[in-house]
Amino acid sequence: MEKIVIDYRYNNYFSARSKAREDVNYIAEKNGFTPFLINTRTTTEQMASGKSLWKKIVYNFRKLFILCGAIFAIKPGTLVLFQYPFAPFGEIFTLFFCKCLKLRKCKLIFMVHDLVHYRETLVFDNYEIKILNTADELIVHTPKMQELFKSYGITRPCRILWLFDYITPEIPAIKQQSSNDIAFAGALDKSVFLRDMQSIPYKELELHLYGNQPKDTSTYPKWMKYVGRFSPENVTMLQESWGLSWDGDGINALEGVIGNYLKYISPHKVSLYIAAGIPVIISKESALAEYIEQNKLGITIQSLYDIEAALNALTDSEMQAIRKNVSLMSERLRNGKMLGSIIENM
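Parameters at a glance
- Along every chain, residues carry numbers that run from 1 in the direction the sequence is written.
- Given that the model is predicted, a residue must reach a pLDDT of at least 70 before its local features are reported, and side-chain atom pairs must reach 80 or more before they are shown or counted; all residues, however, enter totals for whole chains, interfaces and linings.
- Hydrogen atoms and water are omitted, and side-chain values are computed over all heavy atoms in the structure.
- Under the scheme used here, helices are H or I runs from DSSP no shorter than 4 residues and strands are E runs no shorter than 2 residues, and both carry numbers assigned from the N terminus.
- Accessibility here uses a 1.4 Å probe with only protein chains present; expressed as a share of the type maximum, an area under 20% marks a residue as buried, one over 50% as exposed, and anything in between as partly exposed.
- Here a strand pair is declared whenever DSSP counts at least two bridges between the two strands.
- All axes are obtained by fitting lines to C-alpha atoms, using only the stretch in contact for helices, and the reported angles, taken between N-to-C directions, cover 0 to 180 degrees.
- Note on aromatic contacts: the rings of Phe and Tyr and the six-membered ring of Trp form a pair at centre separations within 6.5 Å, being stacked when their planes are under 30 degrees apart, edge-to-face when over 60 apart, and tilted otherwise.
- Any Lys NZ or Arg CZ that is within 6 Å of a ring centre and within 35 degrees of that ring's normal is treated as a charge sitting over the ring.
- In what follows, a contact means two residues having at least one pair of non-hydrogen atoms within 4.5 Å.
- For this classification, under 35 degrees means roughly parallel, over 145 means roughly antiparallel, 65 to 115 means roughly perpendicular, and everything else is oblique.
- In a left-handed crossing the near helix is turned counterclockwise from the far helix by less than a right angle, and in a right-handed crossing that turn is clockwise.
- Following the grouping adopted for this structure description, the nonpolar residues are Ala, Val, Leu, Ile, Met, Phe, Trp, Tyr, Cys and Pro, the charged ones are Asp, Glu, Lys and Arg, and the polar ones are all others, Gly among them.
- To qualify as a nonpolar core, a set must consist of buried Ala, Val, Leu, Ile, Met, Phe, Trp, Tyr and Cys residues joined through side-chain atoms within 4.5 Å.
- Each polar contact in these results corresponds to two N or O atoms within 3.5 Å; when the atoms are within protein, one needs to be able to donate a hydrogen and the other to accept it, and residues that are neighboring in sequence are counted only if both atoms are side-chain atoms.

> Which parts of the structure should I look at to understand unusual backbone geometry?
Negative phi values dominate among residues other than glycine, just as trans dominates among peptide bonds. Cis geometry marks the peptide bond from Y84 to P85, where omega comes out at 5 degrees. With respect to the secondary-structure elements, P85 resides in the loop between strand 3 (79–84) and helix 4 (90–103). One non-glycine residue with positive phi stands out, namely L122, at about 65 degrees. Its location among the elements puts L122 in the loop between helix 5 (116–121) and helix 6 (126–132). On the accessibility criterion, L122 (24% relative accessible area) is partly exposed. Phi at K296 is positive, roughly 50 degrees, even though this residue is not glycine. Looking at where K296 falls in the secondary structure, it is placed in the loop between helix 11 (289–294) and strand 12 (298–301). K296 gets classed as partly exposed once you look at its relative accessible area, which sits at 43%.

And the structure:
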């Protein structure tokens, strides 16, 4: 059986948005899948300029033409690893594409990266449900995401990824001495909780922010500072002892639309931290909380107020176990073993 991995490509070098998808392509190819990349450059340009009705019609016909070409280029009966969502083509065209592949007797394995409509509204729309139900199997982040799918009538068999792989040739040095310096990497101006977090009277903690330059750093307390940004592959840029994964509107709990989304997903930044040899700090409400605790990959907290006390409460033996397990998991992520263990025998 022929095996392919379907994707399109982003061009933003200083963004982790494309990193996960590129890593899936790499791991799939390493496990016998042939890359099938659809060129989206033209459609993206049309989307940017398609303000008139005529340009929108031309844009949609171009998308249809590209997808039809791809459909007929894929042999009947092919095993297809499909990276979802297929954003440049939208939900209607994605559903059309997947149904056509099913008509050609292809087996569809969805690698679910993001749930765009659910992330923005906390509800699925009908198209998203229909698209996901065209799959023969779904590779999902966590058991919580699988339960969410079932509650919306998405009944396809699921395999749990737990953590995204993070391919990099860099081998981080695991810190043997812990301190209370913490990294946070992300879209800083969109991380609403950072504003309220500034009011927390930390005494021994330092929070280092990575990402695009924030609009205003003048209100930052002494323990918070903007460090800069780095290419996603350069994990050794992170020299902190801990990595924080938190999002949403609140500092006492995961609140707001984005905060609630963390209750179902495996954030890619968790994989970034662990690949860099850094244990993580996450909310007890997050979908990864139990996994992080059981595998001793960091600590879980109820509130951002709890960070200092939780770090200070760790014993030397607990820290030694965390460092050891983070080192082992870092190697797995950097070598593509999480997804690789799922698809190697497909």
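After that view, the rundown keeps rolling.
> Just checking my understanding: could you explain the sheet that holds strand 10 (residues 242–245) for this structure?
With respect to topology, six strands assemble into an open sheet ordered 9-8-7-10-11-12, the strand pairing being parallel. At either end of the open sheet lies a strand with only one pairing partner, and these are strand 9 (224–228) and strand 12. Here the strands of the sheet are splayed against their neighbours by 30 degrees on average, with no regard to which way each runs.

> Is there a simple way to explain the packing of aromatic side chains in this structure?
Aromatic rings considered in pairs are described by the distance between their centres and by the relative angle of their planes. Under the criterion given, the structure shown has 16 aromatic pairs. An angle of 45 degrees between the planes, with centres 6.1 Å apart, marks the rings of F82 and F97 as tilted. A residue pair is termed long-range when its members are at least 10 positions apart, and F82 in strand 3 and F97 in helix 4 qualify at 15 residues. Among the residues examined, F82 registers a relative accessible area of 0% and is labelled buried. Here the aromatic cluster, defined as three or more aromatic residues joined through ring pairs, consists of Y8, F82, Y84, F86, F89, F97 and F110. It is K19 that lies over the ring of Y166; its NZ or CZ is 4.9 Å from the centre. Here the guanidinium or amino end of K130 rests over the ring plane of Y127, the centre of that ring lying 5.9 Å away.

> Before we go on, may I ask you to explain the sheet that holds strand 3 in this structure?
Strands pair in a sheet through their backbones, by hydrogen bonds, and they do so in one of two ways: parallel or antiparallel. Spatially, six strands are ordered 2-1-3-4-5-6 in an open sheet, and the strand pairing comes out parallel. The strands lining the two open edges of the sheet, one partner per strand, are strand 2 (34–37) and strand 6 (158–160). Each strand of the sheet is rotated relative to its neighbour by a mean of 25 degrees, with strand direction disregarded. Contacting strand 4 (107–112), strand 5 (137–140) and strand 6, helix 7 (residues 143–151) crosses the sheet at an angle of about 135 degrees to strand 5.

> So what exactly am I meant to see when it comes to the packing of helix 3 (residues 53–73) against helix 4 here?
Axis angle and axis distance: for two packed helices, these are the angle between their axes and the distance between the axes, and together they describe the pair. Where helix 3 contacts helix 4, the axes come no closer than 10 Å and their chain directions differ by 20 degrees. One element, helix 3, and the other, helix 4, form an angle in the roughly parallel class. The interaxial crossing formed by helix 3 with helix 4 has right-handed handedness. Contact with helix 3, carried on its side by N60, K63, L64, L67, C68, A70 and I71, involves F93, F96, F97, C100 and L101 of helix 4 and no other residues of that element. Tallied by class, the residues present in the contact of helix 3 with helix 4 amount to ten nonpolar, one polar and one charged.

> What's the story with the nonpolar core in this structure? I'm lost.
The nonpolar side chains of a soluble globular protein tend to be buried, and buried together. If you look at the biggest cluster of nonpolar residues, it comprises 111 residues, and the most contacted ones within it are I6, F110, M197, L207, L244, L304 and I307. Of the residues forming this core, the biggest block, six residues, is contributed by helix 4. Setting aside anything within four residues of it in sequence, one finds L207 in contact with I182, F184, L194, M197, W223, M224, K225 and L244.

> Could you clarify how one ought to interpret the environment of N312 in this entry?
By the secondary structure assignment, N312 is in helix 12 (residues 307–312). Sequence separation between N312 and Y220 is 92 residues, and the spatial gap between their C-alpha atoms is 24 Å. The contacts of N312, once residues within four sequence positions are left out, are N180 and E204.

> Where do I start with the packing of helix 10 (residues 268–275) against helix 13 (residues 316–334) in this structure?
As a packed pair, helix 10 and helix 13 sit with axes 8 Å apart at the nearest point and diverge in direction by 115 degrees. Classified by the angle between their axes, helix 10 and helix 13 sit roughly perpendicular to one another. Here the hand of the crossing between helix 10 and helix 13 comes out left-handed. Note on element contacts: helix 13 touches helix 10 through V326, M329, S330, L333 and R334, opposite S271, I274 and A275.

> Hey, could you run me through the side chain of R21 in this one?
Locating R21 in the fold gives a position in helix 1 (residues 19–30). When its relative accessible area of 5% is taken as the criterion, R21 is described as buried. A polar contact of 3.0 Å, which involves the side chain of R21, links it to the backbone oxygen of P85.

Read these as geometric descriptors, not functional statements.
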